[in-house]
Amino acid sequence: MPPRAELLDHHSYDASDALAKASIAPSSTKRSSTDVPTLAKAKASLRQRERRRRPRLVFRSTHGITGSVATLCVCIAIGAHHVNIIPNVLSILAAIASVVTASSGMSIVDQAPKQTIVMERPFKVVPPHRDAFKRTASSIYYLSARTCWNTISDLATSNNNNDALNWIWGISALCYAIIKFIPNPRDVDLTNGNTWVFVIPMAAGLTVDALFQLPLLQCNDGLCWNEDVITQIDLLWVLLSGLVVAFVFTLAFRGVLEIRRSYWGAALVVHAIVAYLIAKALPFLRKLVL
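What counts and what doesn't
- Here, residues in each chain are numbered from 1, in the same order as that chain's written sequence.
- Local features in this predicted model are restricted to residues whose pLDDT is 70 or higher, and side-chain atom pairs enter the listing and the counts only when it is 80 or higher, whereas totals over whole chains, interfaces and linings include all residues.
- Computation of side-chain values: all heavy atoms of the structure, hydrogens and water removed.
- Strands here mean DSSP runs of E at least two residues long; helices mean DSSP runs of H or I at least four residues long; both are numbered from the N terminus.
- Throughout this description, buried means an accessible area under 20% of the type-specific maximum (1.4 Å probe, protein chains only), exposed means over 50%, and partly exposed covers the range between.
- Should any heavy atoms of two residues lie within 4.5 Å, those residues are counted as being in contact.
- The term disulfide is used for any two cysteine sulfur atoms that are within 2.5 Å.
- Pairing of aromatic side chains here covers Phe, Tyr and the six-membered ring of Trp, requires ring centres within 6.5 Å, and sorts the geometry by plane angle: under 30 degrees stacked, over 60 edge-to-face, intermediate tilted.
- Confidence scores labelled pLDDT are given residue by residue by the predictor and lie between 0 and 100.
- Expected span, for any helix, means 1.5 Å times one less than how many residues it has.
- Salt bridge criterion: a side-chain nitrogen from Lys or Arg within 4 Å of a carboxyl oxygen from Asp or Glu.
- To obtain the bend at a residue, axes are fitted to the seven residues ending there and to the seven starting there, and the angle between these axes is taken.
- The set of buried Ala, Val, Leu, Ile, Met, Phe, Trp, Tyr and Cys residues whose side-chain atoms join them within 4.5 Å is what this entry labels a nonpolar core.

1. Structural notes on the overall build of the protein chain
The secondary structure content of the protein chain amounts to eleven helices and four strands. Out of the 290 residues belonging to the protein chain, those deemed buried represent 39%. Nonlocal contacts in the protein chain, meaning residues at least 24 apart in sequence, comprise 77% of its contacts between residues at least 6 apart.

Below, the structure written as structure tokens:
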């Protein structure tokens, strides 16, 4: 996601200015042999100080505030599920805060770099960061909607109304997943490793979850997808992971963290989530097939 915090470095101008002044000398001035090593040492010292310096974070933008609030709300909602204290209300608040965070980031997505070469050999990995933000925002919208649906789906008392609402929700979720997560064959670059590292795993996980929102597939042999497989607390953990990964990329874009390490760390998180969901879904799928 785009930057959630602003970074300030009040000393960068002074240091670079001093370096520039130190490197400029009138052509008519003759330097002694002892001046040259002194100037070289001064330049090296200033460059070393520049490398060591790290900008400080200031959480004062709308996106920064909403991102912090959303992360805190999701953490509280996860804890509420463990102690069973108003978990449904807190889950809805966490979902709303996450939607606001993703929406506020859309206006500053252009601050992120277009792409970064993460790896060139044995195959290239070039993540398009702005497209990745839009995909991340879409996943946060979906997860938030799933969280709210799990909470409100039991409010209808009539069976007929429940059936109708279930079908409306299931079809809407599946259509949204197909449109937002499945890459267009004309646009996808299969030679780019990022497609296999991020795009396809995210598309597979979210689309399969959306498929099992259809009432026809939702329950099987006493097990229900939303209640027994991908539960409310699972959704909250995935939502929290998305917010944290987004913030890590924010720091990477600002130079606080190294972009390659951030990328592979985020990839590890995504694949760990997919592996966890597969492990949870296997018993359900086995019963469905057999």
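2. Some details on the state of the cysteines
Here is the idea: a disulfide is a covalent bond, and it sits between the sulfur atoms of two cysteines. Counted under the stated rule, the structure contains one disulfide. Each sulfur in the disulfide pair cysteine 219 and cysteine 224 lies 2.0 Å from the other. Across the S-S bond linking cysteine 219 and cysteine 224, the dihedral sits near 105°, which makes this disulfide right-handed. Cysteine 73 carries a free sulfur, and the closest cysteine sulfur to it, the one in cysteine 75, is 9.4 Å from it.

3. A short note on the environment of glycine 67
Secondary-structure assignment places glycine 67 in helix H3 (residues 62–83). Glycine 67 sits in the buried class, given a relative accessible area of 0%. The spatial distance from the C-alpha of glycine 67 to the C-alpha of alanine 246 is 9.6 Å, given a sequence separation of 179 residues.

4. Considerations on the packing of aromatic side chains
In this description, an aromatic ring pair is defined by two values, namely the gap between the centres and the angle between the planes. Under the definition given, this model contains nine aromatic pairs. A centroid spacing of 5.4 Å and a plane angle of 20° characterise the contact between tryptophan 149 and tryptophan 169, whose relative ring orientation is stacked. With a gap of 20 residues between them, tryptophan 149 in helix H5 (residues 129–152) and tryptophan 169 in helix H6 (residues 159–180) connect regions that are remote in the sequence. Each member of the pair, tryptophan 149 as well as tryptophan 169, is classed as buried. Taking the centre distance of 5.9 Å and the plane angle of 80° together, the rings of tyrosine 176 and phenylalanine 181 count as edge-to-face. Exposure remark for tyrosine 176: the relative accessible area of 25% places this residue in the partly exposed category.

5. So, the confidence of the model for the protein chain
In low-pLDDT segments, the atomic positions of the prediction should not be examined closely. Predicted confidence across the protein chain gives a mean pLDDT of 79, with 76% of residues reaching 70 or more. Highest mean pLDDT in the protein chain belongs to helix H7 (residues 193–211) (91); lowest belongs to strand S1 (residues 6–8) (41). Long-range and interchain partners of residues 5–31, a stretch whose pLDDT sits below 50, account for 36 contacts in this model, where long-range means more than four residues apart.

6. Description of H3
Compared with an ideal rise of 1.5 Å per residue, which puts 22 residues at 32 Å, H3 spans 31 Å between its outermost C-alpha atoms and is within 8% of the ideal. For H3, the full list of buried residues reads His63, Gly64, Thr66, Gly67, Ala70, Thr71, Val74, Ala77, Ile78 and Ala80. Lining the buried residues of H3 we find helix H4 (87–105) and helix H10 (232–253). Among the residues trailing H3, asparagine 84 stands out with phi positive, at a value near 60°.

7. Observations regarding the pattern of salt bridges
Under the definition given, this model contains four salt bridges. The partner of arginine 146 in a salt bridge is aspartate 209, and the shortest N-O contact between them spans 2.8 Å. Of this pair, arginine 146 sits in helix H5 while aspartate 209 sits in helix H7, and the two are 63 residues apart along the sequence. A salt bridge links aspartate 234 to lysine 280, with the shortest nitrogen-to-oxygen separation between them at 2.7 Å.

8. Looking at H7
Spanning 19 residues, H7 covers 26 Å between terminal C-alpha atoms, matching the ideal 27 Å at 1.5 Å per step. Remark: the principal bend of H7, roughly 35°, maps to valine 199, with a proline, proline 201, within the next four residues.

9. Topic: the nonpolar core
Within the largest apolar cluster, 36 residues are counted, with the highest numbers of intra-cluster contacts made by Val74, Tyr142, Leu143, Phe181, Ala210, Trp225 and Val229. Of all the elements in the fold, those that place two or more residues in this core are H3, H4, H5, H6, H7, helix H9 (225–229), H10 and helix H11 (259–289). Among the elements that take part in this core, H5 stands out by supplying six residues, more than any other. When residues no more than four places from it in sequence are discounted, the contact partners of valine 74 are Ala94, Ser98, Leu236, Leu239, Leu240 and Leu243. Membership of the second largest hydrophobic core comes to 15 residues, among which are Val118, Val245, Phe249 and Ala252.

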